[in-house]
Amino acid sequence: MARKLAVQVYNAGGHLRVVSTKPMPGNQWIQALTSVGCRVEVCVENKTILSVDDILSLIGTKCDGVIGQLTEDWGDVLFAALKKAGGHAYSNMAVGYNNVDVEAATRHGIAVGNTPGVLTETTAELAAALTLSAARRVVEADDFMRAGKYEGWLPTLFVGNLLKGQTVGIIGAGRIGTAYARMMVEGFKMNVIYYDLYQSTRLEKFVTAYGEFLKTQGEAPVHWRRASSPEDVLREADVISLHPVLDKTTYHLINKDRLALMKKEAVLVNASRGPVIDEVALVEHLKANPMFRVGLDVFEDEPYMKPGLGDLPNAVVVPHIASASKWTREGMATLAAQNVAAKLKGYPVWPNSNNIEPFLDESKPAPAAAPSIVNAKALGLPTGDGSKSRL
Ligand SMILES: NC(=O)c1ccc[n+]([C@@H]2O[C@H](COP(=O)([O-])OP(=O)(O)OC[C@H]3O[C@@H](n4cnc5c(N)ncnc54)[C@H](O)[C@@H]3O)[C@@H](O)[C@H]2O)c1
Ligand SMILES: O=C(O)[C@H](O)CO
């Protein structure tokens, strides 16, 4: 018999029961649910990652919708239980949903939401921070300083890489990859080479226009190139940042053979998902190439690092914090709640998940639509901007 987990209840009399597996920041998300008649139960158990059994006990025998986290295994067992409890809606509080078996959800008629857009710039900024930290050896130098080893300026102390005028490689030039590329182009006048399954005309147009602008300032223009393979990017770029989704096509996209193609002094950044890199191969590569550096926000077996990674001075490692700004995390919670609330109310799905701004504008009521439902088509859900009613 599953253990009962501690929950905090909002709007106890609400007729629709929605569970959030974690407390989430801000109040707007609770408001989005209670204002449409939901009783909201937030799991406050002191346990970082909930098991499937934990979540089964939270779902119980009557549950209309759930907001869950990327650390949880949302597969057939949980969707079957949610369906049996009368549920119709699930939302990840994340844009990535590789922890969700969307086919299983669809089979059980459950809509799956995610939270695109609100975290694009925040995540790209952290990737940029990791790039700078790795290129300029910020963490190594900080450790050295705190250890009382600094005896005075030296011409050879912590020499790193200059970014200006170098080439940045993007693998996965979607929302975040494009935002990161723009930062590196505008900030450091880097040239861009990218690999994606689709053409990123937005990125290409931006780099072309910025190159023209630089020319008017009497500066060298920047250039872009779309590569026909990840190998082209790895061979050519001085900095490579990974921003694809995690699926079968990107699992271990960076492996031993591909690491060997990269420049000896290249910087590799990953703020996508850990399994995009074969982390064992990466540890070996870092050991053999001390001037090769990485900045990692995500790890293959989170919360763990592969043996040896944490001992290497040429790796900067942070605990999956790329979307961790107050505005972004509150916005993610709001979008997740709006996905669930709108589905339970029978509202349509917002037609453009690349523009979710109207859902985050607190000065106006949110559109009566679900911001982003990834299996909307498979479930045959209608799309619409919700102009007929408001959430
Ligand atoms: N570290 C974090 O905290 C954090 C925060 C936000 C997002 N993410 C991760 O970043 C990912 C990207 O988010 P986004 O909003 O930019 O998504 P997006 O859908 O806009 O971009 C993903 C891009 O990956 C491309 N892609 C898919 N398969 C590919 C392949 N085999 N090779 C190359 N490119 C491929 C897609 O065509 C798309 O352009 C998310 O799925 C999530 O896993 C991590
Ligand atoms: O996919 C996501 O949204 C992140 O990993 C958490 O922000």
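Residues numbered from 1 in each chain as written. Chains lettered and ligands numbered in written order. Predicted model: local features only at pLDDT ≥ 70, side-chain atom pairs only at ≥ 80, totals over all residues. Heavy atoms only, no water.

1. Remarks on the UniProt feature "domain: D-isomer specific 2-hydroxyacid dehydrogenase NAD-binding" (unreviewed entry) in the chain
Step number 1: Residues given the UniProt feature "domain: D-isomer specific 2-hydroxyacid dehydrogenase NAD-binding" (unreviewed entry) here are residues 129-322.
Step number 2: Across residues 129-322 one finds 36% helix and 14% strand; the C-alpha atoms that close the span lie 10 Å apart. (UniProt positions renumbered as here; feature names shortened; annotations may be inferred. Helix = DSSP H or I, 4+ residues; strand = E, 2+ residues; numbered from the N terminus.)

2. Re the nonpolar core
Step number 1: Of all hydrophobic cores here, the largest spans 64 residues; its most connected members are W29, L33, I67 and Y180.
Step number 2: Here this core gets 8 residues from one element, more than from any other, and that element is helix 12 (residues 326-345).
Step number 3: Setting aside anything within four residues of it in sequence, one finds I67 in contact with V19, S20, T21, M24, W29, L33, Y90, S91, M93, A336, A337 and V340.
Step number 4: Counting 29 residues, the second-largest nonpolar core is a separate cluster that includes A227, L282, V294 and L296. (Core = buried A, V, L, I, M, F, W, Y, C linked by side-chain atoms within 4.5 Å. Buried < 20%, exposed > 50% of the residue type's maximum accessible area, 1.4 Å probe, protein only. Contact = heavy atoms within 4.5 Å.)

3. Side note on the sheet that holds strand 2 (residues 16-20)
Step number 1: Reading across from one edge, 1-3-2-4-5-6 is the order of the 6 strands in this open sheet, with mixed pairing throughout. Of all strands in the sheet, those with a lone pairing partner are strand 1 (7-10) and strand 6 (111-113), marking the two edges. Direction aside, neighbouring strands of the sheet carry axes that sit 20° apart on average.
Step number 2: Inspection of the sheet shows strand 2 paired to strand 3 (residues 38-43) by 5 bridges, in the parallel sense. Its bridge partner lying in strand 3, S20 is registered against V42.
Step number 3: In this fold helix 2 (residues 52-59) packs onto strand 1, strand 2, strand 3 and strand 4 (65-68), with an angle of close to 155° to the strand it touches most, strand 2. (Pairing = 2+ DSSP bridges. Axes fitted to C-alpha atoms, helices over the stretch in contact; angles between N-to-C directions.)

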